[in-house]
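A closer look at the structure
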Amino acid sequence: MINESQITESKYHHYTYRDTLAASEKIRWRVEDIIGRDQRLDFTKPFMPEALARVEQLGFLTPAERLVLNQIRGNGYLCLFGLLEEVILPFVLDHARARLDEDEYSVRAFLQFASEEAKHIHLFRRFSEEFERGFGTQCALIGPSAEVAPAMLSHHPLAVALIVLQGEWMSQRHYIESVRDNQDLDPLFKSLLKHHWMEEAQHAKLDTLMVEEMAAAYSRSEIEGAFEEYFEIASFLDGGFKQQAEFDLESLTRATGRTLSASDRQKFIEVQHQAYRWTFIGSGMTHENFLATLESIDPALRRRAEEASTAFC
(Lines give C-alpha, C1' and ligand atoms only; values in the text may rest on other atoms or scores of the structure.)
Protein backbone atom coordinates (compact mmCIF):
# COMPACT_ATOMS: atom_id res chain seq x y z
CA MET A 1 0.00 0.00 0.00
CA ILE A 2 1.14 3.54 -0.71
CA ASN A 3 2.37 5.45 2.34
CA GLU A 4 0.13 8.28 3.55
CA SER A 5 3.01 10.73 3.39
CA GLN A 6 3.29 10.07 -0.36
CA ILE A 7 -0.16 11.52 -1.03
CA THR A 8 0.08 15.27 -1.25
CA GLU A 9 -1.91 18.11 -2.69
CA SER A 10 0.16 18.64 -5.82
CA LYS A 11 0.29 22.25 -6.82
CA TYR A 12 -1.32 23.15 -10.09
CA HIS A 13 -0.28 21.04 -11.95
CA HIS A 14 1.71 18.36 -13.80
CA TYR A 15 -0.83 15.55 -13.82
CA THR A 16 -0.78 12.75 -16.38
CA TYR A 17 -3.08 9.77 -16.81
CA ARG A 18 -0.16 7.36 -16.66
CA ASP A 19 1.24 8.72 -13.39
CA THR A 20 -2.18 9.00 -11.77
CA LEU A 21 -3.05 5.43 -12.69
CA ALA A 22 0.28 4.21 -11.28
CA ALA A 23 -0.34 6.06 -8.01
CA SER A 24 -3.86 4.69 -7.78
CA GLU A 25 -2.68 1.12 -8.26
CA LYS A 26 -0.39 1.45 -5.22
CA ILE A 27 -3.36 2.14 -2.95
CA ARG A 28 -4.77 -1.16 -1.78
CA TRP A 29 -7.61 -1.47 0.70
CA ARG A 30 -10.84 -3.44 0.93
CA VAL A 31 -14.11 -2.43 2.53
CA GLU A 32 -13.96 -5.57 4.69
CA ASP A 33 -10.63 -4.44 6.13
CA ILE A 34 -11.95 -0.99 7.10
CA ILE A 35 -15.30 -1.70 8.74
CA GLY A 36 -17.04 -4.72 10.23
CA ARG A 37 -15.72 -7.76 12.05
CA ASP A 38 -14.55 -6.54 15.46
CA GLN A 39 -14.25 -2.89 14.42
CA ARG A 40 -16.97 -0.75 15.96
CA LEU A 41 -17.80 2.93 16.11
CA ASP A 42 -17.10 4.57 19.48
CA PHE A 43 -20.17 6.59 20.38
CA THR A 44 -18.38 8.21 23.31
CA LYS A 45 -16.34 10.25 20.83
CA PRO A 46 -17.19 12.84 18.15
CA PHE A 47 -17.11 11.73 14.53
CA MET A 48 -16.80 15.08 12.78
CA PRO A 49 -14.26 17.88 13.27
CA GLU A 50 -15.84 21.02 14.65
CA ALA A 51 -14.69 23.00 11.58
CA LEU A 52 -17.30 21.07 9.62
CA ALA A 53 -19.90 20.16 12.25
CA ARG A 54 -20.21 23.59 13.92
CA VAL A 55 -22.14 22.15 16.85
CA GLU A 56 -20.30 24.19 19.50
CA GLN A 57 -22.07 27.32 18.23
CA LEU A 58 -25.33 25.89 19.57
CA GLY A 59 -24.86 26.90 23.21
CA PHE A 60 -28.46 26.04 24.10
CA LEU A 61 -27.58 22.34 23.66
CA THR A 62 -25.85 20.47 26.48
CA PRO A 63 -22.41 18.92 25.84
CA ALA A 64 -24.06 15.48 25.61
CA GLU A 65 -26.59 16.78 23.07
CA ARG A 66 -23.85 18.41 21.02
CA LEU A 67 -21.99 15.09 20.92
CA VAL A 68 -25.13 13.34 19.66
CA LEU A 69 -25.58 16.03 17.01
CA ASN A 70 -21.95 15.68 15.98
CA GLN A 71 -22.53 11.97 15.39
CA ILE A 72 -25.74 12.66 13.47
CA ARG A 73 -23.70 15.05 11.32
CA GLY A 74 -21.04 12.37 10.82
CA ASN A 75 -23.68 9.96 9.56
CA GLY A 76 -25.07 12.63 7.25
CA TYR A 77 -21.61 13.52 5.99
CA LEU A 78 -20.76 10.02 4.78
CA CYS A 79 -24.26 9.27 3.51
CA LEU A 80 -24.37 12.51 1.50
CA PHE A 81 -20.92 11.73 0.12
CA GLY A 82 -22.30 8.35 -0.93
CA LEU A 83 -25.28 10.06 -2.56
CA LEU A 84 -22.99 12.33 -4.57
CA GLU A 85 -20.79 9.42 -5.57
CA GLU A 86 -23.86 7.63 -6.93
CA VAL A 87 -24.10 10.61 -9.30
CA ILE A 88 -20.38 10.59 -10.10
CA LEU A 89 -20.21 6.87 -10.91
CA PRO A 90 -22.41 6.86 -14.07
CA PHE A 91 -20.91 10.18 -15.15
CA VAL A 92 -17.36 8.80 -15.05
CA LEU A 93 -18.40 5.55 -16.75
CA ASP A 94 -20.00 7.51 -19.60
CA HIS A 95 -16.85 9.59 -19.90
CA ALA A 96 -14.68 6.46 -20.05
CA ARG A 97 -16.96 4.81 -22.60
CA ALA A 98 -16.53 7.75 -24.98
CA ARG A 99 -12.73 7.36 -24.79
CA LEU A 100 -12.40 3.67 -25.60
CA ASP A 101 -10.53 4.36 -28.83
CA GLU A 102 -8.18 6.89 -27.23
CA ASP A 103 -5.13 6.69 -24.96
CA GLU A 104 -5.19 3.42 -23.03
CA TYR A 105 -3.87 5.00 -19.85
CA SER A 106 -6.74 7.47 -19.71
CA VAL A 107 -9.33 4.73 -20.25
CA ARG A 108 -7.80 2.57 -17.52
CA ALA A 109 -7.47 5.53 -15.17
CA PHE A 110 -11.14 6.49 -15.53
CA LEU A 111 -12.29 2.88 -15.14
CA GLN A 112 -10.19 2.65 -11.98
CA PHE A 113 -11.79 5.91 -10.85
CA ALA A 114 -15.27 4.40 -11.38
CA SER A 115 -14.33 1.20 -9.55
CA GLU A 116 -13.09 3.17 -6.56
CA GLU A 117 -16.25 5.28 -6.46
CA ALA A 118 -18.30 2.07 -6.41
CA LYS A 119 -16.13 0.88 -3.51
CA HIS A 120 -16.74 4.14 -1.64
CA ILE A 121 -20.50 3.73 -2.08
CA HIS A 122 -20.18 0.23 -0.62
CA LEU A 123 -18.04 1.54 2.26
CA PHE A 124 -20.52 4.27 3.16
CA ARG A 125 -23.46 1.85 3.06
CA ARG A 126 -21.62 -0.44 5.45
CA PHE A 127 -20.97 2.54 7.70
CA SER A 128 -24.67 3.41 7.63
CA GLU A 129 -25.52 -0.11 8.80
CA GLU A 130 -23.00 0.11 11.64
CA PHE A 131 -24.22 3.58 12.60
CA GLU A 132 -27.87 2.54 12.77
CA ARG A 133 -26.94 -0.50 14.85
CA GLY A 134 -24.93 1.51 17.38
CA PHE A 135 -26.76 4.84 17.43
CA GLY A 136 -30.20 3.33 17.97
CA THR A 137 -32.25 6.11 16.36
CA GLN A 138 -33.35 6.38 12.74
CA CYS A 139 -31.88 9.45 11.03
CA ALA A 140 -33.60 10.79 7.91
CA LEU A 141 -31.50 11.72 4.88
CA ILE A 142 -32.19 13.59 1.67
CA GLY A 143 -32.43 11.62 -1.56
CA PRO A 144 -32.81 9.06 -2.97
CA SER A 145 -30.08 8.96 -5.62
CA ALA A 146 -32.69 7.87 -8.20
CA GLU A 147 -34.13 11.39 -7.94
CA VAL A 148 -30.96 13.38 -7.27
CA ALA A 149 -28.82 11.87 -10.04
CA PRO A 150 -31.14 12.70 -12.99
CA ALA A 151 -31.56 16.26 -11.73
CA MET A 152 -27.79 16.79 -11.64
CA LEU A 153 -26.86 14.80 -14.74
CA SER A 154 -29.41 16.66 -16.87
CA HIS A 155 -27.05 19.65 -16.84
CA HIS A 156 -24.22 20.44 -19.26
CA PRO A 157 -21.40 17.86 -18.92
CA LEU A 158 -18.87 20.59 -18.11
CA ALA A 159 -21.12 21.87 -15.31
CA VAL A 160 -21.31 18.37 -13.84
CA ALA A 161 -17.55 17.91 -14.22
CA LEU A 162 -16.95 21.16 -12.32
CA ILE A 163 -19.20 20.04 -9.47
CA VAL A 164 -17.34 16.73 -9.37
CA LEU A 165 -13.96 18.50 -9.37
CA GLN A 166 -15.06 20.81 -6.59
CA GLY A 167 -16.18 17.79 -4.57
CA GLU A 168 -12.88 15.97 -5.01
CA TRP A 169 -10.84 18.96 -3.81
CA MET A 170 -13.20 19.55 -0.90
CA SER A 171 -12.65 15.98 0.32
CA GLN A 172 -8.91 16.63 0.27
CA ARG A 173 -9.33 19.82 2.22
CA HIS A 174 -11.52 18.24 4.86
CA TYR A 175 -9.09 15.45 5.66
CA ILE A 176 -5.87 17.46 5.50
CA GLU A 177 -7.07 20.55 7.36
CA SER A 178 -9.53 19.11 9.88
CA VAL A 179 -9.21 15.35 10.29
CA ARG A 180 -5.65 14.08 9.83
CA ASP A 181 -4.16 15.62 12.99
CA ASN A 182 -7.35 15.55 15.08
CA GLN A 183 -6.83 13.08 17.93
CA ASP A 184 -10.30 13.55 19.44
CA LEU A 185 -12.28 11.80 16.71
CA ASP A 186 -13.51 8.23 16.78
CA PRO A 187 -10.64 6.16 15.29
CA LEU A 188 -12.88 4.08 13.02
CA PHE A 189 -14.63 7.12 11.54
CA LYS A 190 -11.26 8.78 11.07
CA SER A 191 -9.96 5.66 9.31
CA LEU A 192 -12.91 5.74 6.91
CA LEU A 193 -12.10 9.34 6.01
CA LYS A 194 -8.40 8.55 5.58
CA HIS A 195 -8.96 5.69 3.17
CA HIS A 196 -11.54 7.69 1.24
CA TRP A 197 -9.10 10.59 0.99
CA MET A 198 -6.28 8.37 -0.29
CA GLU A 199 -8.23 7.45 -3.41
CA GLU A 200 -9.94 10.80 -3.88
CA ALA A 201 -6.46 12.36 -4.10
CA GLN A 202 -6.08 10.62 -7.46
CA HIS A 203 -9.63 11.41 -8.54
CA ALA A 204 -8.99 15.13 -8.10
CA LYS A 205 -6.15 14.87 -10.64
CA LEU A 206 -8.29 12.94 -13.13
CA ASP A 207 -11.15 15.41 -12.71
CA THR A 208 -8.74 18.27 -13.39
CA LEU A 209 -7.68 16.65 -16.66
CA MET A 210 -11.31 15.93 -17.53
CA VAL A 211 -12.41 19.52 -16.99
CA GLU A 212 -9.51 20.94 -18.97
CA GLU A 213 -10.15 18.65 -21.92
CA MET A 214 -13.88 19.37 -21.90
CA ALA A 215 -13.32 23.12 -21.75
CA ALA A 216 -10.90 22.97 -24.67
CA ALA A 217 -13.67 21.50 -26.82
CA TYR A 218 -16.23 24.25 -26.15
CA SER A 219 -16.61 27.83 -27.30
CA ARG A 220 -16.45 30.71 -24.85
CA SER A 221 -20.23 31.10 -24.89
CA GLU A 222 -20.71 27.37 -24.24
CA ILE A 223 -18.31 27.53 -21.31
CA GLU A 224 -20.12 30.53 -19.86
CA GLY A 225 -23.44 28.69 -20.19
CA ALA A 226 -22.02 25.61 -18.53
CA PHE A 227 -20.68 27.72 -15.69
CA GLU A 228 -24.18 29.12 -15.11
CA GLU A 229 -25.42 25.55 -14.89
CA TYR A 230 -22.66 24.75 -12.41
CA PHE A 231 -24.17 27.40 -10.13
CA GLU A 232 -27.63 25.92 -10.76
CA ILE A 233 -26.41 22.54 -9.51
CA ALA A 234 -24.85 24.20 -6.45
CA SER A 235 -28.16 25.94 -5.74
CA PHE A 236 -30.04 22.64 -6.15
CA LEU A 237 -27.71 20.99 -3.64
CA ASP A 238 -28.01 23.94 -1.26
CA GLY A 239 -31.76 23.44 -1.08
CA GLY A 240 -31.14 19.83 -0.14
CA PHE A 241 -28.71 20.82 2.59
CA LYS A 242 -31.32 23.06 4.21
CA GLN A 243 -33.70 20.10 4.22
CA GLN A 244 -30.96 17.95 5.73
CA ALA A 245 -30.44 20.44 8.54
CA GLU A 246 -34.16 20.17 9.32
CA PHE A 247 -33.92 16.37 9.24
CA ASP A 248 -30.98 16.52 11.65
CA LEU A 249 -33.02 18.56 14.11
CA GLU A 250 -35.76 15.93 13.98
CA SER A 251 -33.17 13.20 14.51
CA LEU A 252 -31.71 15.04 17.50
CA THR A 253 -35.18 15.36 19.02
CA ARG A 254 -35.83 11.64 18.61
CA ALA A 255 -32.42 10.68 19.99
CA THR A 256 -32.44 12.94 23.04
CA GLY A 257 -36.09 13.73 23.71
CA ARG A 258 -35.18 17.43 23.72
CA THR A 259 -37.70 19.81 22.12
CA LEU A 260 -36.26 23.20 21.24
CA SER A 261 -38.03 26.54 21.48
CA ALA A 262 -39.01 28.29 18.25
CA SER A 263 -36.04 30.67 18.47
CA ASP A 264 -33.59 27.87 19.20
CA ARG A 265 -34.99 25.83 16.31
CA GLN A 266 -34.44 28.76 13.98
CA LYS A 267 -30.88 29.22 15.23
CA PHE A 268 -30.22 25.50 14.84
CA ILE A 269 -31.38 25.46 11.21
CA GLU A 270 -29.41 28.60 10.35
CA VAL A 271 -26.14 27.34 11.86
CA GLN A 272 -26.41 23.80 10.57
CA HIS A 273 -27.53 24.81 7.08
CA GLN A 274 -24.51 27.09 6.82
CA ALA A 275 -22.31 24.27 8.13
CA TYR A 276 -23.56 22.00 5.34
CA ARG A 277 -23.07 24.81 2.81
CA TRP A 278 -19.44 25.23 3.83
CA THR A 279 -18.78 21.50 4.04
CA PHE A 280 -20.14 20.51 0.64
CA ILE A 281 -19.95 23.70 -1.43
CA GLY A 282 -17.87 26.51 0.07
CA SER A 283 -14.83 24.44 1.02
CA GLY A 284 -14.57 23.14 -2.54
CA MET A 285 -15.48 26.33 -4.36
CA THR A 286 -12.73 28.22 -2.52
CA HIS A 287 -10.06 25.50 -2.84
CA GLU A 288 -7.02 27.01 -4.52
CA ASN A 289 -6.59 24.14 -6.98
CA PHE A 290 -10.23 24.36 -8.07
CA LEU A 291 -9.88 28.11 -8.54
CA ALA A 292 -6.63 27.58 -10.47
CA THR A 293 -8.44 25.30 -12.91
CA LEU A 294 -11.14 27.93 -13.43
CA GLU A 295 -8.47 30.58 -14.00
CA SER A 296 -6.73 28.39 -16.58
CA ILE A 297 -10.00 28.24 -18.54
CA ASP A 298 -10.94 31.89 -18.11
CA PRO A 299 -9.87 34.25 -15.29
CA ALA A 300 -13.40 35.63 -15.24
CA LEU A 301 -14.68 32.24 -14.04
CA ARG A 302 -12.39 32.35 -11.04
CA ARG A 303 -13.56 35.84 -10.12
CA ARG A 304 -17.20 34.80 -10.33
CA ALA A 305 -16.60 31.73 -8.16
CA GLU A 306 -14.78 33.79 -5.54
CA GLU A 307 -17.65 36.27 -5.43
CA ALA A 308 -20.32 33.55 -5.21
CA SER A 309 -18.45 31.56 -2.58
CA THR A 310 -19.11 34.13 0.16
CA ALA A 311 -22.66 32.81 0.49
CA PHE A 312 -21.36 29.32 1.26
CA CYS A 313 -18.74 30.15 3.85
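Numbers given to residues run from 1 along each chain, matching the order in which its sequence is written. Residues qualify for local features only when their pLDDT is at least 70, as the model is predicted, and side-chain atom pairs are given and counted only at 80 or more; totals for whole chains, interfaces and linings, by contrast, use all residues. Each side-chain value is derived from all of the structure's non-hydrogen atoms; neither hydrogens nor water enter the calculation.

Quick look at the nonpolar core
- If you look at the biggest cluster of nonpolar residues, it comprises 102 residues, and the most contacted ones within it are Tyr 77, Tyr 230, Phe 268 and Phe 280.
- At 15 residues, the largest contribution of residues to this core is made by helix H4 (residues 63-97).
- Beyond its immediate stretch of four places on either side in the chain, Tyr 230 contacts Ala 159, Leu 162, Ile 163, Gln 166, Met 285 and Phe 290. Residue types Ala, Val, Leu, Ile, Met, Phe, Trp, Tyr and Cys, when buried and joined through side-chain atoms within 4.5 Å, form a set referred to as a nonpolar core. Partly exposed residues are those whose accessible area sits between 20% and 50% of the maximum for their type, while under 20% is buried and over 50% is exposed, using a 1.4 Å probe and protein chains only. Helical segments are the DSSP runs of H or I of at least four residues, strand segments are the runs of E of at least two, and each set is numbered from the N terminus. Contact definition: two residues touch when any of their heavy atoms are within 4.5 Å.

A look at the pattern of salt bridges
- By convention in these notes, a salt bridge is any Lys or Arg side-chain nitrogen within 4 Å of a carboxyl oxygen on Asp or Glu. Counted by the stated rule, this structure contains 21 salt bridges.
- In this structure, the salt-bridge partner of Glu 56 is Arg 66, at a minimum N-O distance of 3.1 Å. Of this pair, Glu 56 sits in the loop between helix H3 (50-53) and H4 while Arg 66 sits in helix H4, placing them ten residues apart in sequence.
- Taking the relative accessible area as the measure of exposure, Arg 66 reaches 14% and is therefore buried.
- We note a salt bridge from Arg 220 to Asp 298, for which the minimum N-O separation is 3.1 Å. With a gap of 78 residues between them, Arg 220 in helix H9 (residues 220-256) and Asp 298 in the loop between helix H11 (288-297) and helix H12 (299-309) connect regions that are remote in the sequence.

Comments concerning the packing of aromatic side chains
- Two rings from Phe, Tyr or Trp (for Trp, the six-membered ring) form a pair when their centres are within 6.5 Å of each other. A pair whose planes differ by under 30 degrees is stacked, one over 60 is edge-to-face, and the rest are tilted. As enumerated under the stated definition, the model contains 21 aromatic pairs in all.
- Aromatic pair Tyr 230 and Phe 231: ring centres 5.1 Å apart, planes at 55°, arrangement tilted.
- The exposure class assigned to Tyr 230 is buried, which follows from its relative accessible area of 0%.
- On the accessibility criterion, Phe 231 (15% relative accessible area) is buried.
- Through successive ring pairs, a cluster of aromatic residues spans Phe 43, Phe 47, Phe 127, Phe 131, Phe 135 and Phe 189.
- Whether a charge sits over a ring depends on NZ of Lys or CZ of Arg being within 6 Å of the ring centre and within 35 degrees of the ring normal. In this arrangement the basic side chain of Arg 73 is found over the ring face of Tyr 276, its NZ or CZ atom lying 4.1 Å from the centre.
- Positioned above the aromatic ring of Trp 29, the side-chain terminus of Lys 119 is 3.9 Å from the ring centre.

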